[in-house]
Amino acid sequence: RDNFALYARIEQVAPRSPTPPLNLGLAYFRANDLARAAAAFERAVGLNPAQQRARAILALTYVLQGRLQDGFRLLQALETEGAKDRDYFVAGATALLEVGDAAKAAIVADAGVRLHQGDATLRELLARALEGTGRFPEAAARYNEALALNPDLPQAEEGLARLYRRAGDVAQAERHWLRAIEIAPGRLQPLRELALLWEAQGNRMDSLQLWRDILSLAPNGTVVREAAAHIRRLEGPAVVAPETGKGKRP
């Protein structure tokens, strides 16, 4: 029926193999079901404690669940072992960005980039960490390198959009947000940023449609409340505003 059923069945057929629970954990992780992901990764680690990949992604899952001590203890153990696995660097940098430590995230991501030079995700994580420390020109260079390696990486497009918006280049920011939405239509952040941009420009109708799109995709009450508030405001009496450039709907 789906990957969840497939990997669960394989785990039943091959109960001593760590691969099925690892794959099942990844499926749940991508679906943002962190509780089931953690349980599956724990089974994979129990079957093969030496496997660095399962331990690294389990550590990140713990951090995303708010279990910071458990997550960083696992990452510290991997660092002590001299972990070289790509997923260790991805998990470590992502976990550090999650708790707001961009400086340490940059160190971890840079070490990963040096070992895995063809990995676009590590370049994007390094760019995001550099952005978080205020090193904007370096961040822009790393975002562009990530896109050269993988032109369909929405996070890198979003990063460039943020940098252009910060620099006051609204047209370029809009272009990169539109490209991010084209790559991954279900990602809320570029939809939200573009809706705010168009609303600020006076582009009432396109902004209103984006907020409606966000409302239909919203996973929680905070996003729902924000989108609903903007929709109510934009659906109210029209306000005469100076002519502005109209954005194109993605």
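Residues numbered from 1 in each chain as written. Predicted model: local features only at pLDDT ≥ 70, side-chain atom pairs only at ≥ 80, totals over all residues. Heavy atoms only, no water.

Caption draft 1: Structural detail: helix H11 (residues 170-183). Over its 14 residues, H11 extends 20 Å from the first C-alpha to the last, a length consistent with the 20 Å expected when each residue adds 1.5 Å. Every buried residue of H11 is accounted for by Ala173, Glu174, His176, Trp177, Leu178, Ala180 and Ile181. Packed against the buried residues of H11 are helix H10 (154-167) and helix H12 (188-201). (Helix = DSSP H or I, 4+ residues; strand = E, 2+ residues; numbered from the N terminus. Expected span 1.5 Å × (residues − 1). Buried < 20%, exposed > 50% of the residue type's maximum accessible area, 1.4 Å probe, protein only. Contact = heavy atoms within 4.5 Å.)

Caption draft 2: Main features of helix H8 (residues 120-132). Helix length check: H8, at 13 residues, gives a terminal C-alpha distance of 18 Å against a target of 18 Å (1.5 Å per residue), a fit within 8%. The buried count for H8 comes to ten of 13 residues, which makes it a mostly enclosed element. Check the buried side of H8 and you find it contacts helix H6 (86-98), helix H7 (102-115), helix H9 (136-149) and H10. Where H8 starts, the residue carrying a side-chain oxygen 3.1 Å from the main-chain nitrogen of Thr121 turns out to be Asp119. One or two residues past the end of H8 sits Gly134, with phi positive at roughly 85 degrees. (Polar contact = N/O pair within 3.5 Å; in protein donor to acceptor, adjacent residues only side chain to side chain.)

Caption draft 3: Representation of the side chain of Asp87 within the structure. Here Asp87 lies in helix H6. Within polar-contact distance, the side chain of Asp87 engages the side chain of Arg53 at 2.8 Å.

Caption draft 4: Structural context of the nonpolar core. Of all hydrophobic cores here, the largest spans 51 residues; its most connected members are Phe41, Leu58, Tyr88 and Tyr143. Among the elements that line this core, the one with the most residues is helix H4 (residues 52-65), at eight residues. Discounting chain neighbours no more than four positions away, the residues touching Tyr88 are Ala56, Leu75, Leu78, Glu79 and Ala83. Within the second largest apolar cluster, 19 residues are counted, among which are Leu178, Leu197, Ala218 and Ile231. (Core = buried A, V, L, I, M, F, W, Y, C linked by side-chain atoms within 4.5 Å.)

Caption draft 5: Up close: the confidence of the model for the chain. Summary statistics for the chain give a mean pLDDT of 92 and a share of 94% for residues scoring 70 or more. Note on residues 239-249: pLDDT is under 50 here. Beyond four places in sequence and across chains, it has 18 contacts. (pLDDT = per-residue confidence, 0-100.)

Caption draft 6: Representation of the packing of aromatic side chains in the model. Applying the stated criterion across every chain yields a total of two aromatic pairs. When the ring of Tyr88 is compared with that of Phe89, the centres are 4.9 Å apart and the planes differ by 65 degrees; the resulting orientation is edge-to-face. Neither Tyr88 nor Phe89 differs from the other in exposure class; each is buried. (Phe/Tyr/Trp six-rings, centres within 6.5 Å; stacked < 30°, edge-to-face > 60°.)

Caption draft 7: Spotlight on the environment of Phe136. Tracing the backbone shows Phe136 in helix H9. Look at Phe136 and you get partly exposed, because its relative accessible area is 26%. When the C-alpha atoms of Phe136 and Leu163 are compared, they prove to be 7.0 Å apart, with 27 residues separating the residues in sequence. The contacts of Phe136, once residues within four sequence positions are left out, are Glu131, Leu163 and Arg166.

Caption draft 8: Summary view of unusual backbone geometry. Positive phi, normally seen in glycine, also occurs at Asn32, with a value near 65 degrees. Assignment of secondary structure puts Asn32 in the loop between helix H2 (19-30) and helix H3 (34-47).

Caption draft 9: Expanded view of the pattern of salt bridges. Using the criterion set out here, one finds 20 salt bridges in the structure. Residue Arg67 pairs with Asp70 through a salt bridge whose shortest N-O separation is 3.2 Å. Between Arg114 and Asp110 there is a salt bridge whose closest N-O contact spans 2.8 Å. Linking Arg114 with Asp110, this pair stays in helix H7, spanning four residues, or about one helical turn. For Arg114, a relative accessible area of 60% translates into the label exposed. Taken together, the salt bridges that share partners define one network made up of Arg53, Arg86, Asp87 and Asp119. (Salt bridge = Lys/Arg side-chain N within 4 Å of Asp/Glu carboxyl O.)

Caption draft 10: Inspection of the packing of helix H5 (residues 68-80) against H6 at higher detail. Running from N to C, H5 and H6 cross one another at 140 degrees; their axes reach a closest spacing of 11 Å. As judged from the angle between their axes, H5 and H6 are oblique. For the pair H5 and H6, the sense of crossing is left-handed. In this structure, H5 contributes Phe72, Leu75, Leu78 and Glu79 to the contact, and H6 contributes Tyr88, Ala91, Gly92, Ala95 and Leu96. Grouping the amino acids of the contact of H5 with H6 by side-chain chemistry returns seven nonpolar, one polar and one charged. (Axes fitted to C-alpha atoms, helices over the stretch in contact; angles between N-to-C directions. Parallel < 35°, antiparallel > 145°, perpendicular 65-115°, else oblique. Left-handed = near helix turned anticlockwise from the far one by under 90°. Nonpolar A, V, L, I, M, F, W, Y, C, P; charged D, E, K, R; others polar.)

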